Structures are given as structure tokens and as C-alpha cells.
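Coordinates in review
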Amino acid sequence: MLKKVYRLRKRRDFRRTYQKGKILKTRYFVLYWRPNGLKNYRIGFSVSKKLGSAVIRNRVKRQLREVCRRKAAAFVPGFDYIFIARFGIKETSPALLELEVAKAAAKPGLKTEVEK
RNA sequence: UGAGUAAAUUGAAUGAACGCAAACAGGGGCUAAAGCCUGUUUGAGGAAAGUCCGGGCUCCACAGGGCAGGGUGCUGGCUAAUGACCAGUGAGGGUGACCUCAAGGAUAGUGCCACAGAAAUGCAGACCGCCUAAGCUGUUCUUUUGGACAGCCGGUAAGGAUGGAACGGCGGGGUAAGAGCCCACCAGCAGCCAGGCGACUGGCUGGCUAGGUAAACCCCACUUGGAGCAAGACCGAAUAGAGAAAUGUUAGAGGUGGCCCGCCUCAUUUCCGGGUUAGGUCGCAGGACGUGCCUGGCAACAGGCAUGCUAGAUAGAUGUUCAUUUUCAACAGAACCCGGCUUAUAGGUUUGCUCGACUG
RNA sequence: GCGGGUGUAGCUCAGUGGUAGAGCGUUGGCUUCCCAAGCCAGUUAUGUGGGUUCGAUUCCCAUCACCCGCU
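Just so it is clear, the model here is predicted, and its values are computed rather than measured. (Residues numbered from 1 in each chain as written. Chains lettered and ligands numbered in written order. Predicted model: local features only at pLDDT ≥ 70, side-chain atom pairs only at ≥ 80, totals over all residues.)

**As for helix α2 (residues 54-70)**
Here is the rule: Only DSSP runs of H or I covering at least 4 residues are called helices, and only runs of E covering at least 2 are called strands; the numbering of each starts at the N terminus. What a helix is expected to span follows from its residue count: subtract one and scale by 1.5 Å. In this scheme the burial state of a residue depends on its C-beta neighbours within 10 Å: 20 or more other such atoms mean buried, 12 or fewer mean exposed, and anything in between means partly exposed; the C-beta positions come from the backbone. Read the arc as the range of directions from the helix axis to the C-beta atoms.
Its 17 residues give α2 an end-to-end C-alpha distance of 25 Å, which sits within 8% of 24 Å, the value for a rise of 1.5 Å per residue. Along α2, the residues classified as buried are V60, L64, V67 and C68. The arc that holds the buried residues of α2, viewed along the axis, is 100°, so those residues lie on one side. Seen from the buried face of α2, the exposed residues on the opposite side, beyond 90 degrees, are A54, V55, N58 and R62.

Spelled out as C-alpha cells, the structure:
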């Protein structure tokens, strides 16, 4: 689990990120990201009711959090991230998910370096 | 031992490492608090679910009156309260243990009872059948009284046929044929007596008979105000508006119920102080609480004593890896709280009782 | 957390206690040289489980699924 500082918590922050952020889609999740003007990164998670019951939704969220914690180094400071779980996430293995998350998390970093 | 029936209980465990949330203590820091670091402790359920009922709590009058509407509907008890629960009554099902039942009123009134059937509620109704006793007509026999046959006028609810249901059932007497017309028994109704707190049960007497449907309208009895913790209270930048007192109460509007009444507020003046929204703090977990024992009660439950404190978040906390055991483990995740009900659920354990078979 | 609604044929909808209907679809036939259109005939259903009633799509209870609103 991540500490509170590294989590995206406010409804406004979510709305702003959805409206003005960049999008990356994979089989397991959709990722929005956007610069936040802070020194650290923040990550939010969103799991829709369509994926299943409360137990299933909680499990999916925990898996995502655990993977993010292990790959914390991949996230770029100064950005907000939102992970939206998709249907395929229920069947995948944690190792595969870890790979995908690491790749996705590094993406904003690459772009800014190119722009620089 | 097989089949069944009624309940109770459990809902993988242990250790290590890395993490999350809350509380407490210390450190550091600061106007102060929080964030930060270290340590300790604690951290989802029997259904947390569905939201089908009931209550606490909060605001609207400390919830008021009337009408309308809703709910409940055998009796007694229990409870904070209920449509729940317990004990009983009645009806129905099962060989039995046991199970099921919204189970007041059809003599307050209204409606409906398709098709079939003669007739479906009006003390109604004659299709087939049964009968010609009384009355009338004809034929015929006879000395006559009168007899026989046919018909009319009729009588008849015993039998057949229709239907879920045909105006008590069955037997005997009776009769032209029949009929509670009369009688016995049974069902049902009314009254009285006895038992029971009561639902009701038993007995006696009476007059002979009253269709079903109220989960159709309705009547009767009891009961019910509305909204909901996103309730509500406080802090509070910007913006500008709220409160108190006095006066006024014609009209209209608002205060979350359908309508009426009632209650409160508005309008003006004076005083000075803070509505709504983003956000934050509280509400928020010590409670109709859990466990054990004792007492009362058939029981639900109540009382007493001892002991325990056992989640409290706000994008919303239980995960990952490894090891061991015995099978790799169902349904499933707290969001103000509690009592019930209902639904989902891999398996494991225990108890009472019934029926059958075998053995002694 | 709270409130409201709907389940009827493959699809869209009717149906206020007495044999469940319409349109589109679909199948077969007729018509045409062939197709379309047209005509005729058929096919398929009351979400599930109980109860009340002689009889339930309809009345009552429970349950399941779906949809909508407040926030």
C-alpha cells in the first residue's frame, strides 16, 4: 500500500486529470496522466462496478496498489496518474501486470525528456 | 444400520519478511496543529448482502386536532418496538417425528360467480324423469255408486343430466308421487350450563337450514406525522447578508406529509454581526454490548453478580513472498447504531426425536 | 446511503379474474422467366417459487434480474 502523500484523493484532481490528461490503453487498464506541479507523484485507482462484486473490486484494487508499490521507482515525480481497471485484469498474472505497469509508468518521463 | 425430521455450532491454522489504517507513548519540529521518524497494541461477517419490517439518534411545534390514505387482523405473553419471537387454540398435510396457514365480519350494504346447465341467490327454478289424489274434458266398461285409459289444469327437488358449487347429509316413517311433512343419528345455527385469563372445548335444550368470494369494494377493532448521518451541529477565505428587540398581522408565500385547521417565519424601524458553497472538525462507537454463573418463567425473555473493551475509514484500511500441517479452502467486504426477516454458502462437528430392517 | 420503476413471441408493445393479441420477423405454399411487393396458412411467450380463488398475465407474499433519479 502506498502512503497518503503518493495517492490521488480529491474529486477535483480526478476530474482535472480526466479532462486534461494524456491516455494510454492496455489490455488490463487505462492510464491517464498529467503534470501536477508538486515534487512527488500521485496515483489514483478506479474500478467500475461492472467488474464484479465488492470483493472482486477490492482484490483488483489491492493487486494494482501492490504492483505500484513494488515498481515505485518507475513513476516520474511531478505527475498525477489514474489507473482504470479493465475487464482483462481479472485473468492476468501479477508478474505480467507488473511489467505493463512499469512500462506505462515510465511513459510521461520519456516524453518530457524528448521535449527537453 | 438405512431413511427421515427438528435444531445448535464452526466458517483453515502457525511462524518469518516487506507494506496499509487507527489509537497510545516517545523523538524531532513549530505561534499552534498536522505531515515526518521509532516503538507497542488492535484491525471485516454469519450473513457485513438484500433493504422487507421495527426501534434508537437528528431536524422540522418535546408531533397537536379533523378528513383522506397506509398497515395489521385467532388468543395470551414477551420486548425499546415490530408484520419478529415464545406458548397455546382452530383448520389442513404426513404412517410418524413433525410441517404449513394474512385464521375478524358473508345476518350492515353493494358487486362478481365465465362456459355448461331448466335454474347460480330472487325463500329462485320443471330439461329428462316420477305422479294423476283433488278439479275439468273425451273415450270406454258398468244397472248405479264407480272403475280403466288418454289429455288439460297441475303436483313433485326423491332419481338422471350440467357444474368448483344446485338451498343440509344419510336411514326409517309417510305420500298419488314427493318434500324436515314427522322421527333417530351426524354437520351447522341460536340460547343456557361447566372448564379455561382467553382463543376455544365439552354437555344440554331449541327451531329445522342459512351457497361461495372480503389477498373484490366495504364494515369493525387496533395502529400510523414527515424526512433521513449525504440527518444535523460548529469553524470558515472571498462575496454581501443574517440575528435580536419593538411595531404590524390585510393579502399572499414559505417552514419537504395529500387536504383543512392550528403553530412558527416574512414586512418596517433600531441595534450589530455572520446565511449558503468548496474545504475542515464533530456526529463516530461504552452499547436495548459480548462471555460465564445464579435466580424467576414451560418458553420467548427478565433480573442479579463477576469479567472484557473487541474496526472506525472518507478515492475509502487486511495485501505480496516464503515455510509447515490434512484434503490448497464456499458464499462473500464494515461506512451512524441495534433487534428481526429473507436470500447466498465448500465442507466439518454435535444433539433430540420418528419410521423401517437386522442382531441379542 | 435513500427513493422510484419494469419484467408478456426472436424484437417493439397491448391486454383491470374466464380459451393471451397486434405489428415487424421467421417457416411453408400461391403468384413471377427470376427477385421484390402482394395473398394464404403455420411457428414461437406471461422472469422464478409459493398462496387466495372453481379458475391468476391480472390479486397477495417472497425472490431474481435489469433500468432510472437524489448525491
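And the narrative resumes.
**Structural notes on the sheet that holds strand β1 (residues 22-25)**
Test applied: Following DSSP output, two strands are said to pair if at least two bridges run between them. Geometry is summarised by axes, namely lines fitted to C-alpha atoms with helices restricted to the contacting stretch, and by angles between N-to-C directions that run from 0 to 180 degrees.
A sheet is described by the order of its strands in space; here four strands give the open sequence β1-β2-β4-β3, paired in mixed fashion. Whereas interior strands pair on both sides, the edge strands pair on one side only; in this sheet they are β1 and β3 (42-46). This sheet shows a mean twist of 20° between the axes of neighbouring strands, independent of strand direction. As paired strands, β1 and strand β2 (residues 29-35) are joined by four bridges and run antiparallel to one another. Bridging across to β2, K22 finds its partner in W33.

Bear in mind that shape data such as this cannot, by itself, settle questions of function.
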